[in-house]
Amino acid sequence: MDDSAATKATCETTAATSDYEPDELDDATILRLTQEIKDTEALKTPLVGELKPISVLLDEYDDPAFRGKIKVLGGGNAKYRQIRGDGNCAWIAFAFRFFELALAYHAEEIEILKKHVMSLTSLLDQAGYNENGYIDFIEETEALFSKLPDMSAEALVEEFNNIEVSSALVVHFRLLAAAYVKTHPEDYMPFIDDGEGTTIEEYCNRQIEAFAVEADHLALSALVNAVGKAELGVVYMDRSAGEDAVVHSFVPMTTTTTMTGEQIKIDLLYRPGHYDIFYR
Amino acid sequence: MSRERRIAKELRALHDDPESGIFLQPAQGDDITHLVGSFAGPRDTPYEGGRYLVDIKIPYDYPFKPPIMRFDTKVYHPNISSQTGAICLDILKDKWSPVLTLKASLISLQSLLASPEPTNPQDAEVAKHYLSDRQGFDNTARYWAKIYAGAGVATSTDASPSEPKSIFEQYGIDPESVKIFEGMGFAQDRIIEVMNRTGIKKIGSDAPAGAEDRLLEELLK
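In this text the structure is predicted, and so the values were computed from the model without any measurement.

Some points on the overall build of chain B
Of regular secondary structure, chain B possesses 8 helices and 4 strands. For chain B, the α and β elements follow one another from N to C terminus as α-β-β-β-β-α-α-α-α-α-α-α. Burial analysis of chain B (221 residues in total) assigns 52% to the buried set. Of all intrachain contacts in chain B linking residues separated by at least 6 positions in sequence, the fraction that spans at least 24 positions is 54%. Roughly 10200 Å² of accessible area belongs to chain B as shown, and the carbon and sulfur atoms make up 51% of that amount.

Here we look at the overall build of chain A
Each helix and strand in chain A was counted, giving 12 helices and 6 strands. Taking the contacts inside chain A whose residues are at least 6 apart along the sequence as the reference set, 75% of them involve residues at least 24 apart. Total accessible area computed for chain A in this model is approximately 13100 Å², and 51% of it derives from carbon and sulfur atoms.

Thoughts on helix α8 (residues 153-160) of chain A
Residues and elements named next belong to chain A. Listed in full, the buried residues belonging to α8 are Leu156, Val157, Glu159 and Phe160. When α8 is viewed along its axis, its buried side chains cluster within an angular range of 160 degrees and face the same direction. For α8, the exposed residues lying more than 90 degrees away from the buried face are Glu154 and Glu158. Against the buried residues of α8 lie β1 (48-53), β2 (79-83), α4 (89-102), α7 (131-147) and α9 (163-183).

Side note on the sheet that holds strand β4 (residues 246-250) of chain A
All names here are of chain A. Taken in spatial order, the 6 strands of this open sheet run β1-β2-β6-β5-β3-β4, and their pairing is mixed. Each edge of the open sheet is held by one strand with a lone partner, namely β1 and β4. Strand-to-strand twist across the sheet, computed as the mean angle between neighbouring axes with direction ignored, equals 30 degrees. In the sheet, strand β5 (residues 264-271) pairs with strand β6 (residues 274-279) via 4 bridges, with the strands oriented antiparallel. Across the sheet, the residue bridging to Tyr270 is Tyr275, located in β6. Against the sheet, helix α12 (residues 217-227) touches β3 (230-236), β4 and β6, its axis set at about 155 degrees to β3.

Examining the sheet that holds strand β2 (residues 34-40) of chain B
All names here are of chain B. Here we have 4 strands laid out as an open sheet, ordered β1-β2-β3-β4, and antiparallel in their pairing. With partners counted over all chains shown, the strands left at the sheet margins are β1 (23-26) and β4 (68-71), one partner each. With direction set aside, neighbouring strand axes in the sheet form an average angle of 25 degrees.

Procedures and definitions
- Residues numbered from 1 in each chain as written.
- Chains lettered and ligands numbered in written order.
- Predicted model: local features only at pLDDT ≥ 70, side-chain atom pairs only at ≥ 80, totals over all residues.
- Heavy atoms only, no water.
- Helix = DSSP H or I, 4+ residues; strand = E, 2+ residues; numbered from the N terminus.
- Buried < 20%, exposed > 50% of the residue type's maximum accessible area, 1.4 Å probe, protein only.
- Contact = heavy atoms within 4.5 Å.
- Areas by Shrake-Rupley, 256 points an atom, 1.4 Å probe, with all protein chains shown as cover.
- Arc of directions from axis to C-beta.
- Pairing = 2+ DSSP bridges.
- Axes fitted to C-alpha atoms, helices over the stretch in contact; angles between N-to-C directions.

Listed below in structure tokens is the structure:
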């Protein structure tokens, strides 16, 4: 939330200083090139990776503080699925796991879940979003639901590795979270108030709606509350003291009454700055 | 959702909403991934009366990446490069959201003209001018709006309403000094802009020492 109160104009000064040379790279070019490097790096990882034993992750870490926690957590049998670190990882991870768990449902249950998720669109209208602005993204979600009854797990991974599909789902879920915050200001304002006059609208614009800005705690809480049908556990893998990894649970404040059956239970593995999917 | 479909939809929506005062059209031919947008300078600002053109390139992964925008019309503003038209606005960079549209982006640029953020400048020199001499800044910005953005004859607040002053009178610039620089091959509008910006309104024996050199240095940039 560091820059939630940032001013609108946030650029490094370059042009028109006395040593300015027209041949030098300007600000926009540097930004673009930096982004290209980041994008190229990110492209080396699939958006949604294969399911791997947690031991693979364990081998990446020499640090005993991390290793201990991974061991305690999974007892060696846990698995994880790596998500591309492009700033959307928490959103993609949540969306993928949501649909992956729904793969096990019967067609009728999928239809009920689809109706539920589509009914959340009214939240977007309440929050003041223009239908023209969101409809394209929601249509991707709807299309994915329609394909789900006949889909294999592999096909779902493939679907999510289509950047247009996963990006649309990311936008849809981001909008749901932002809409929930905007329609429940009393629940969130105390956390957004940074003493610098940041409004709910600004917070949502800069931290939730902005594409490729990482999800913070508040955004995840809002996402879980908005969806209403899924619980989220985030396993924190950091260097904090202690053998056990801290698990933070997000449970919807009001579980929806239109749904029957169990809640979808999603686990994410958080390492500082990045989320992957965790399979207990 | 394809990029072209989304752009076409946006163009259609804008076409149906001429009252927005925002216009978009292909820069050339029927390539809708390279557009020119335009809007009016906001009222009660030095940009009032001007029409501003913005070059818009739509990246391959739009709307998930922001459109690449640059002012085609020269603008004198702390957050816009006076040389390249590069724009400093967060929503066109890391705070872009796919629910934003080209129209929304152009409206944000219009608001940026009305509310400069000189503490976070794109153009350091213009920002310095804005912070140190607001009246002088406004004069230059208004002058640029006139010569580059087609704003009507600017009437500064102290100008007599019945008789429009000449450009030289209006800015208190010595016409003879301008002629000297014109003789060296510099364009008149450029000379006036530099004189306004530097505050050096004349050269010669009764001008401060080094005035001519300083102006020349600016003109040659």
